[in-house]
Structure formats: structure tokens, C-alpha cells
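Here is what each chain is made of, one letter per residue.
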Amino acid sequence: MPNPIPSAQWTSASEIARAVANGERSALAITEAALASIKSLNPKLNAFTEVVADRARAKARAVDQARSEGQPLGPLAGVPFAVKNLFDINGLSTLAGSKINRSRAPATQDATLIARLEATDAVLIGALNMGEYAYDFTGENIHDGASRNPHDLIRMTGGSSGGSGGAVAGGLVPLALGSDTNGSIRVPSSFCGIFGLKPTYGRLSRAHTFPFVASFDHLGPLARTTKDLALAYDAMQGHDADDPVCADRPAEITLSVLDRGIEGLRIAVAGGYFRKGASPEAREATERVAKALDVRREIEIPEAERARSAAYVITAAEGAAVHLDRLRTRARDFDPAVRDRLIAGAMVPAALVNQAQKFRRWYRERVLALFEEVDAILAPATPCTAPLIGQESFRLDGVEMPVRPNLGVYTQPISFIGLPVVAVPIPLAPLPIGIQVIAAPWREDVALRIAYALEGAGAAVAPRPSF
């Protein structure tokens, strides 16, 4: 029988911050406990690629010193967090999951979102495993090895923020940051059974991170509770001139509205495309959430399948443009699967990309029109629970399909137009699966309120694994 993970690892970020602020625990003790968990469990989970222990201890001591002097502490005081290794960390080379980037000079400053979390007295612990250059849905990295699902170590975490999902679900840290271009926060959240937030496109700064697809890239938090998502999201909001698409709009705090409940919110379940291909587990999870929220309305997102195709075209073309020099000079150092998709992307005709962008504008208008009728839409996050590491195919709607490109079948049509989404974990047995709560642009508060209501009702739970 597997040994359960010690309960001390499951203290939430909000509970840690409260204990540190009250003097019940020291930030240094919390940090040492996180470092010990990483030392013990990371060999099994393969979530971390770098641990910045000295930096973490120094920050924790500074937090404890500030408290001893009576200075006010930030809302994430003493909370350990880690980031996908495409975030710049001062003094480290930004790997972005690749072999090639290991020869890059170390970063000379932190990514904006790291700086903003540390400004609230959170403690950076290290960098996390990811799919090469974020072109991945599985969490399998040929250079650093696959990140492993805490609920079953022979299964995928999902990608490309696989280390982020595994670290949070496995109890190594209560909070992690990831990126989401076509689903890379929501797929790991679904497979690992945790909460994840993909904010509105342009809401959180991407400055000083390694890009993938500029017109789709989002950054956001993964956590084991909705409250922790809101805490982190609120701390990271704000305009940043270093990111040209970061919205110049004031922070809209979500933590204080979580307990407003869902009364008055118009919620619908996505039908049509979002039912096609769903496994029995994905269907059951959707039905559970609809029942918990007493949602009886179904709505169809128009042309979602075409939106996914257009997203593929733009992803391939923009992703290839980022890597042309590396493809010319170091093609053999890529993961062959990533390299071949990038090469194919470099050959996509400009006319096809232009057509995809025109469709994107049309699709955005049609989907935004739906939010005149509803406030949120529920849809599966993934078509299935976590596949086995190395699994190459699965059945979708009775058809044998390759795993890697099809895990984002339900996430791509949403990130294609930058809508905010909270992934909520549904604790099925033996493996969890996630549901997307999709809201209108800039209405992260609505999605988080619904997630919080589901969590309060016991329908959305981040289950504790044992291994």
C-alpha cells in the first residue's frame, strides 16, 4: 500500500500567509519544509529542474525579520512558489524546456510576475520542468525527462506546464506559475487534479519570459484552492510597459468577491463540439458540475472546430518564426517532434495565416455575442483523464487519434480568442479530470466565483495523491 503524502505539505497558500503573519510559523521553517519535500519527492515526480535554495532562505529570513520589526507583511507572506522554466530567474539561464537554451547567458533580472509575487513576500523556490519551447500537451521532455502525475506515476501530467501541475498536485509547493498558449495551464490542471487560471489575454504581464506564440501566450497561476488562485492573480495584476500587449487597466481584485456566490449568474453548458469526442469521464465531470450549479441550459459555441484548426495554423506559423535561426543552426538539438512541427510551420503559406486571422476576428465576435445571453460557459478541459507516459494514441469519438496534438481539443478554441478560464478539478476515481469555467473578457471574477462555489459545495476538489 502506498504511503500517504504528509498532511503538512497540504497547507494552502492563504493558510501559510496567515500563519506567518500571526507568528505561528516562520517563513524560514515553511521554506525549509518545502525544500525537504522537494528533496524527498522530486526524484519521483521530476517536477523541478532547478532549486534556488539559498535565494529562498534569504527571502524567508527577510520576511521573518520584517515581521519581528513590526512591519506589515504582504498577502502571500512566506508562501513558497515555483515557476515554469520559461520565466526569467535572475542568475539562471532560461531553459524553456530546451537543450539549446542551456548555452544562453543567465538572466539579469526576474520576470515581472516573479517580482510581483515576491513583492507580496512570497518565496521563490525554483524552476519547473516543461515541454520543449512550450510546444507540448503531454509533459514529456526528452532532455529533462517526463514530469510524472502524482496520482499515478506512470501517467502524464499534461503540458506544457507539466512540472507546474506536478509540483502543486504533489505537495511540493502550494502555488506555481505556468503559461498557456493553447491549453498548457488547463491540461495539466485537469490531469493533475488542481485549479488553474488562464486570465484574459493581455491581463498579466509576460515580460521577461521566453515566448512561443505572441498572439496566444498567457501566463497564470496553478494552485490547490480557488482562494489561492485569486490571491496570486490579484498580486500579479497591473500594467507593464515591458509587455506590449499588457492591458493598461486598473487591477480588479477578485479575492474579496469570491463569497458572493452564483446567485444571478447565467451559466450554460457548452454542447455540440464540446460533447463530441468526450470520454465517459469527461461527460460525467460536466454533468456533476452542471448538477451542482443547477445548470440546465445548453449553448453551442459556433464553429469551435474551425477555430481549433485556425489556432493550429497561427500557432505553427508564429511558433516557427520565433525559432528560425535555431532551426537553421542547431536543428539536431531539438526534440525531433517539436522540430518537425516548427519546420512545417515555417512552410505554412502566408495566405493561409491571413485567412486564419480573419476567421479569428469573425469567431471572436460570434462568441462574445453569447456573453450577452450568459455570464459563463462550462466545458470539459480535456477529453479524457491522464494517458500513460509514452502513450501515442487514444480513441476520441470512436476514432483512433494521436495523443499529443489532441489533448487540447477543448482548450484551443477558447485561448484562440483570449477568454479567461478557470480549470476546476473533479475528483473522479481513480483519476481526476478538469472542467473549464469560461467567462467574458476581463471577468475573471465571475469564473473564480463559480469555481469557489463548486469548491464550497464539494464538487470541485483537488484530491491528495499518495505514492
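Here the structure is a predicted model, which is why all the values come from computation and not from measurement.

About the criteria used
- Each chain carries its own residue numbering, running from 1 in the written order of its sequence.
- For a predicted model such as this one, the threshold for reporting local features is a pLDDT of at least 70, and the threshold for listing and counting side-chain atom pairs is 80 or more; totals across whole chains, interfaces and linings nevertheless cover every residue.
- To obtain the side-chain values, all non-hydrogen atoms of the structure were used and water was disregarded.
- Helix and strand definitions here come from DSSP, where helices need a minimum of 4 consecutive H or I residues and strands a minimum of 2 consecutive E residues; each element is numbered from the N-terminal end.
- A radius of gyration in this sense is built from C-alpha atoms; the matching globule rule multiplies 2.2 Å by the number of residues raised to 0.38.
- Exposure is judged per residue with a 1.4 Å probe applied to protein chains only, and the accessible area is read against the type maximum: over 50% gives exposed, under 20% gives buried, and values in between give partly exposed.
- When checking whether two residues touch, look at their non-hydrogen atoms; a contact exists if any pair is within 4.5 Å.
- Working definition of accessibility: Shrake-Rupley area with a 1.4 Å probe, residue cover restricted to the visible protein chains.
- Within 6.5 Å between ring centres, the rings of Phe, Tyr and Trp (the latter by its six-membered ring) count as paired, and their orientation is classed by plane angle as stacked under 30 degrees, edge-to-face over 60, tilted in between.
- Note: two strands are recorded as paired if DSSP finds a minimum of 2 bridges between them.
- Axes here refer to lines fitted to C-alpha atoms; in helices the fit is confined to the stretch in contact. Angles between the N-to-C directions go from 0 to 180 degrees.
- Each angle gets one of four labels, with under 35 degrees taken as roughly parallel, over 145 as roughly antiparallel, 65 to 115 as roughly perpendicular, and the rest as oblique.
- Gly is put with the polar residues, along with every residue not named as nonpolar or charged; the nonpolar set is Ala, Val, Leu, Ile, Met, Phe, Trp, Tyr, Cys and Pro, and the charged set is Asp, Glu, Lys and Arg.
- Each helix should span, by expectation, one fewer than its residue count multiplied by 1.5 Å.
- Residues enter a nonpolar core if they are buried and are Ala, Val, Leu, Ile, Met, Phe, Trp, Tyr or Cys, with the set joined through side-chain atoms within 4.5 Å.
- Salt bridges are counted wherever a side-chain nitrogen of Lys or Arg sits within 4 Å of a carboxyl oxygen of Asp or Glu.

Considerations on the overall build of the protein chain
Check the secondary structure of the protein chain and you find 14 helices and 15 strands. Taking 467 residues into account, the globule formula puts the C-alpha radius of gyration at 23 Å, and the protein chain, at 21 Å, falls close to it. Its C-alpha atoms give the protein chain principal-axis dimensions of about 60 × 55 × 50 Å. Evaluated residue by residue, the protein chain yields a buried proportion of 61% over its 467 residues. Taking all contacts inside the protein chain whose residues are at least 6 apart in sequence as the whole, residues at least 24 apart take part in 79%. Accessible surface computed for the protein chain: about 17,500 Å², of which carbon and sulfur atoms make up 51%.

What about the packing of aromatic side chains?
Considering all chains together, one arrives at eleven aromatic pairs under this definition. Ring geometry for Tyr 133 and Phe 334: centres 5.8 Å apart, planes at 50°, overall tilted. One end of the pair, Tyr 133, is in the loop between strand 3 (123-128) and strand 4 (148-149); the other, Phe 334, is in the loop between helix 9 (304-329) and helix 10 (336-346), with 201 residues separating them in the sequence. The pair Tyr 133 / Phe 334 is uniform in exposure class, with both members buried. Taking 5.8 Å as the distance between ring centres and 45° as the angle between the ring planes, the aromatic pair formed by Tyr 363 and Phe 416 counts as tilted.

Focus: the sheet that holds strand 10 (residues 298-299)
The strand order 1-3-2-6-8-7-14-15-11-9-10 describes an open sheet built from eleven strands, whose pairing is mixed. Because the sheet does not close on itself, it has two edges, and the strands there are strand 1 (48-51) and strand 10. Along the sheet, helix 2 (residues 27-45) contacts strand 1, strand 2 (80-84) and strand 3; its crossing angle with strand 3, the most-contacted strand, is approximately 20°. Across the sheet, helix 5 (residues 162-169) touches strand 1, strand 2, strand 3, strand 6 (175-180) and strand 8 (218-223), and the angle it forms with strand 6 is around 155°.

Observations concerning the packing of helix 2 against helix 3 (residues 53-68)
For the pair helix 2 and helix 3, interaxial distance at closest approach is 7 Å and the crossing angle is 155°. Classified by the angle their axes make, helix 2 and helix 3 are roughly antiparallel. Seen from helix 2, the contacting residues are Ala 27, Leu 28, Thr 31, Glu 32 and Leu 35; seen from helix 3, they are Ala 53, Ala 56, Arg 57, Ala 60, Arg 61, Val 63 and Asp 64. Residues of the contact of helix 2 with helix 3, tallied by class, amount to seven nonpolar, one polar and four charged.

Quick word on the pairing of strand 6
Of all the six residues making up strand 6, six are buried; the element is thus mostly covered by neighbouring parts of the structure. Side chains Leu 175, Leu 177 and Ser 179 project from strand 6 onto one buried face, and the interleaved Ala 176, Gly 178 and Asp 180 project onto a second face that is buried too. Examined bridge by bridge, strand 2 and strand 6 share three bridges and lie parallel to one another. The residue of strand 6 that forms the bridge with Ala 82 is Ala 176. Both strand 6 and strand 8 contribute to a ladder of six bridges, which runs antiparallel. Bridging from a neighbouring strand, Leu 175 pairs with Ala 223 of strand 8.

Focus on the environment of Ile 433
Structurally, Ile 433 can be placed in strand 15 (residues 433-439). The class of Ile 433 is buried, set by a relative accessible area of 0%. Residues Ile 433 and Ser 190, 243 residues apart in the sequence, show an inter-C-alpha distance of 4.6 Å. Apart from the residues within four sequence positions on either side, Ile 433 is in contact with Ser 190, Glu 281, Ala 282, Ala 285, Thr 382, Cys 384, Thr 385, Val 424, Pro 425, Ile 426 and Leu 428.

With respect to helix 14 (residues 444-456)
The terminal C-alpha atoms of helix 14, which comprises 13 residues, lie 18 Å apart, in line with the 18 Å expected from a rise of 1.5 Å per residue. Within helix 14, burial applies to Glu 444, Asp 445, Val 446, Ala 447, Leu 448, Arg 449, Ile 450, Ala 451 and Leu 454. Phi turns positive one or two residues past the end of helix 14, at Gly 458, with a value near 80°.

Topic: the nonpolar core
Ranked by size, the top nonpolar core spans 116 residues in total, and within it Ile 301, Phe 416 and Val 424 carry the most contacts. When residues of this core are assigned to their parent elements, the largest contribution, nine residues, is made by helix 9. Residues within four places of Phe 416 in sequence aside, it is in contact with Phe 216, Ala 307, Ala 310, Ala 311, Ile 314, Ala 356, Phe 359, Arg 360 and Tyr 363.

As for the pattern of salt bridges
The full count for this structure, using the stated rule, is 24 salt bridges. In the salt-bridge network here, residues are joined through shared partners; they are Arg 55, Asp 110 and Glu 118.

With respect to the environment of Leu 258
If you trace the backbone, Leu 258 turns up in the loop between helix 7 (226-236) and strand 9 (267-270). Separated by 152 residues in the primary sequence, Leu 258 and Pro 106 place their C-alpha atoms 40 Å from one another. Filtering out sequence-adjacent residues up to four positions away, Leu 258 remains in contact with Thr 226, Lys 227, Ala 230, Leu 448, Arg 449 and Tyr 452.

Structural notes on unusual backbone geometry
Following Gly 159, the chain continues into Ser 160 via a peptide bond in cis, with omega recorded as 5°. Its place among the elements puts Ser 160 in the loop between strand 5 (152-156) and helix 5. A cis amide bond links Ala 429 to the next residue, Pro 430, at an omega of 5°. Relative to the helices and strands, Pro 430 is located in the loop between strand 14 (421-426) and strand 15. A positive phi is found at Asp 121, a non-glycine position, where the angle reads about 75°. Here Asp 121 shows up in the loop between helix 4 (112-119) and strand 3. Non-glycine residue Tyr 133 carries a positive phi angle of around 50°. A relative accessible area of 2% places Tyr 133 in the buried class.

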